[in-house]
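Overview (structure and organization)
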Amino acid sequence: VQTLENLEMKKTLVAIAALAAFGAQAQSSVSLTGNVDVGLRAIDVSNNQAKNLGYITHNNSSTSAMFFTVVEDLGGGTTAKFFGEADFAPSKPALQNASTTNNGFNYSGAFFNAEQYIGLTGSLGDLKIGTPNSPALTAGTTSQPFGTGLGGGYSDTFGRLGANANVGISGYAGQATTARIIRNERAAVYTTPTYSGVSAQLELTGKNSNAEVVTTTSTTSGTNVTGNNNGVVGLALKYNQGPLNAIVYHGEVTGGGASGTITSAGVLTKNGILQGTKVKYDIFGANYTMGDVTGYVGYTKTKSDQTATPSASITDAEDSTSTNYAVKYAVNGKIDVMFNRVSRKHNIAEVTAYYTNGGNATLTGLGADYKFSKRTNAYVRYEKAGNVNTLGTAANGYGDVKIMAVGLRHQF
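Numbers given to residues run from 1 along each chain, matching the order in which its sequence is written. Owing to the predicted nature of the model, reporting of local features is limited to residues with pLDDT of at least 70; listing and counting of side-chain atom pairs is limited to 80 or more, with chain, interface and lining totals taken over all residues. The basis for every side-chain value is the complete set of non-hydrogen atoms in the structure, without hydrogens or water.

Section: the pairing of strand S7 (residues 187-191)
For the record, the criterion: Partly exposed residues are those whose accessible area sits between 20% and 50% of the maximum for their type, while under 20% is buried and over 50% is exposed, using a 1.4 Å probe and protein chains only. Where helices and strands are cited, they refer to DSSP runs of H or I of at least four residues and of E of at least two residues respectively, numbered from the N terminus. Criterion used throughout: strands pair if DSSP finds at least two bridges between them.
Side chains of S7 alternate between two faces, with Ala 187, Val 189 and Thr 191 buried and Ala 188 and Tyr 190 left unburied. In the sheet, strand S6 (residues 125-131) pairs with S7 via 5 bridges, with the strands oriented antiparallel. What sits directly across from Gly 130, in S7, is Ala 187. Both S7 and strand S8 (residues 198-205) contribute to a ladder of 5 bridges, which runs antiparallel. Paired with Ala 188 across the two strands is Leu 204, which belongs to S8. Here S7 folds back onto S8, and the loop between the two strands holds 6 residues, one of which, Ser 196, carries a positive phi near 50°.

This is the structure we're talking about:
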């Protein structure tokens, strides 16, 4: 005859076994990873001596950030995921907010201030909701080995997607003073399953046509944009198999009325994309690896219904293109040597009148990484932007900007 104590013990063991079985099906994990990039940067501006300087700064070759990832196994091949990116400024460890700037980087004070999303991944594909990276970012960095750092043409120093910085995306979460796409707020990105190396992506951001500009003394800039949603629809087709990696992206941004954009650190202004007008982006990037050598090519086209800041002096709709070719050579598994050449052409009469070569701007990037280990690198970067606006004004403001950087990068 079993005693009451023995029966209770068996029940306990059965309960523990059931919990263990459930835990095996619904496991979750939390991880913290990151990247730190700090070095010495020197700038030489051909016709603006006040901008010639040298200083220690961050993000010369990559973004300094911490990445929080939470993954739960839901069973049946489906997982749930939360991802949060916290960018920080290791060369200037003061809390940045919307009214200050640190070399062009905005820090709102929110802990997660860059990519962040919640999503599901399974047999039907991958869905991210929140502020996920745009497929346009993938397209821009597939075409060259420098990422969003110096030398790539997709950094904050060279507006590859156009000459008018304000022809950008309202609600853009990142540096909007140069024409590039990193990610969009209030967005969803869906990625299909991969078949024979081919996958597709759909990017959506809802439009808000009811926003108003309200004057207030509570903000540093004196202006509060109560809604800043332009509509975004993006489509991407990717191929990644064997030595070939390629992506083509088409995105359309539709003006949402009195919407707002970050035109500089802490300044919210009414977006130049008027209600009902559009800016269209086409981006292509590809790379092919043969042994220790990887070759890259890229193309972008930006076309808008109107300019960023309609005025008597600006009458042309943006119509700009860029092309690039690049190469990376891995030497003995210890050193990566990189080269990139970008040519950008646009049509804005207010700007092209001051160009010396018919509306072209160029970017030449050189770089090398020395690998102390898999996680710690020393790097050198050189970037020359030719025929770009160096004075901040059109009149006599076009020249060359040379940037040299040497530093350390560590991933953890």
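Section: the environment of Ala 385
Definition in use: Residue contacts are counted whenever heavy atoms from the two residues lie within 4.5 Å of one another.
Relative to the assigned elements, Ala 385 resides in strand S20 (residues 376-389). Separated by 232 residues in sequence, Ala 385 and Gly 153 have C-alpha atoms that sit 9.0 Å apart. Setting aside chain neighbours within four positions, we find Ala 385 in contact with Phe 158, Thr 362, Leu 363, Gly 399, Asp 400 and Val 401.

Some words on the pairing of strand S16 (residues 293-304)
Here S16 shows a clear split, with Thr 294, Tyr 296, Gly 298, Thr 300, Thr 302 and Ser 304 buried on one side and none of Val 293, Gly 295, Val 297, Tyr 299, Lys 301 and Lys 303 buried on the other. In terms of strand pairing, strand S15 (residues 278-290) meets S16 through 12 bridges, oriented antiparallel. Bridge pairing in S16 places Gly 285 opposite Gly 298. Adjacent in sequence and paired antiparallel, S15 and S16 are bridged by 2 residues, among which Gly 291 carries a positive phi angle near 65°. Looking at chain direction, S16 and strand S17 (residues 319-331) are connected through 11 bridges and run antiparallel. Within the sheet, the bridge partner assigned to Lys 301 lies in S17 and is Thr 321.

Considering the packing of aromatic side chains
Which entries qualify depends on this criterion: Whether two aromatic rings pair depends on their centres lying within 6.5 Å, for rings of Phe, Tyr and Trp, where Trp uses its six-membered ring; planes under 30 degrees apart make the pair stacked, over 60 edge-to-face, and the rest tilted.
Tallied over the full model, the rule gives 6 aromatic pairs. Between Phe 67 and Phe 83, the ring centres sit 6.0 Å apart and the planes meet at 20°, which makes this aromatic pair stacked. Within this pair, whereas Phe 67 is found in strand S3 (residues 65-75), its partner Phe 83 is found in strand S4 (residues 78-87), the two being separated by 16 residues in sequence. Measuring from centroid to centroid gives 5.1 Å for Tyr 370 and Phe 372, while their planes differ by 80°, and the two rings are edge-to-face. According to the relative accessible area criterion, Tyr 370 is partly exposed, its value standing at 35%. Pairwise contacts between aromatic rings join Phe 67, Phe 83 and Tyr 117 into one cluster.

Side note on the confidence of the model for the protein chain
What counts is decided by this rule: Confidence of the prediction at every residue is given by pLDDT, a number between 0 and 100.
Averaged over every residue, the pLDDT of the protein chain is 78; residues scoring 70 or more account for 67%. Within the model, the stretch residues 164-177 combines pLDDT values under 50 with 54 contacts to residues more than four positions away or in other chains. Note that residues 211-227 has pLDDT below 50 and, in this model, 31 contacts with residues that lie over four places away or in other chains.

Things to note about helix H2 (residues 135-142)
For H2, the buried fraction is high: 6 of the 8 residues fall into the buried class. Taken as a whole, H2 has its buried residues at Pro 135, Ala 136, Leu 137, Ala 139, Gly 140 and Thr 142.

Details of the side chain of Asn 287
Stated precisely, the cut-off is as follows: Two N or O atoms form a polar contact when they lie within 3.5 Å of each other; inside protein one atom must be a possible hydrogen donor and the other a possible acceptor, and for residues adjacent in sequence the pair counts only when both atoms belong to side chains.
Mapped onto the fold, Asn 287 is located in strand S15. A distance of 3.0 Å separates the side chain of Asn 287 from the backbone oxygen of Thr 142, its partner in a polar contact. Beyond its immediate chain neighbours, meaning those up to four positions away, Asn 287 contacts Thr 142, Pro 243, Leu 244, Asn 245, Thr 294, Gly 295 and Tyr 296.

What about the environment of Val 388?
For Val 388, the location among the structural elements is in strand S20. When its relative accessible area of 12% is taken as the criterion, Val 388 is described as buried. Separated by 25 residues in sequence, Val 388 and Leu 363 place their C-alpha atoms 9.5 Å apart.

A short note on the nonpolar core
One broad trend across soluble globular proteins is that nonpolar side chains are buried collectively. The criterion, for reference: Think of a nonpolar core as a cluster: buried Ala, Val, Leu, Ile, Met, Phe, Trp, Tyr and Cys residues, connected wherever their side-chain atoms sit within 4.5 Å.
Counting residues in hydrophobic clusters, the biggest one holds 15 residues, and the most contacted among them are Ala 136, Tyr 154, Leu 161, Ile 181, Tyr 249, Tyr 281 and Ile 283. Elements with a contribution of two residues or more to this core: H2, strand S11 (231-241), strand S12 (244-254) and S15. Excluding anything up to four places from it in sequence, Tyr 154 contacts Ala 136, Leu 137, Gly 140, Gln 144, Gly 147, Thr 148, Leu 161, Arg 180, Ile 181, Ile 182 and Ile 283.

Brief notes about the pattern of salt bridges
Applied cut-off: Here a salt bridge means any side-chain nitrogen of Lys or Arg lying within 4 Å of a carboxyl oxygen belonging to Asp or Glu.
One pass over the structure, following the stated rule, counts 5 salt bridges. Between Asp 369 and Arg 381 there is a salt bridge; the shortest N-O distance is 3.0 Å. One end of the pair, Asp 369, is in strand S19 (residues 360-371); the other, Arg 381, is in strand S20, with 12 residues separating them in the sequence. Considered together, Asp 369 and Arg 381 belong to a single accessibility category, that of buried residues. Asp 400 serves as the salt-bridge partner of Lys 384, at 3.9 Å between the closest nitrogen and oxygen. In this pair, Lys 384 sits in strand S20 while Asp 400 sits in strand S21 (residues 398-411), placing the two residues 16 residues apart along the sequence. What makes Asp 400 partly exposed here is its relative accessible area of 26%. It is possible to trace a salt-bridge network through shared partners that takes in Asp 369, Arg 381 and Arg 409.

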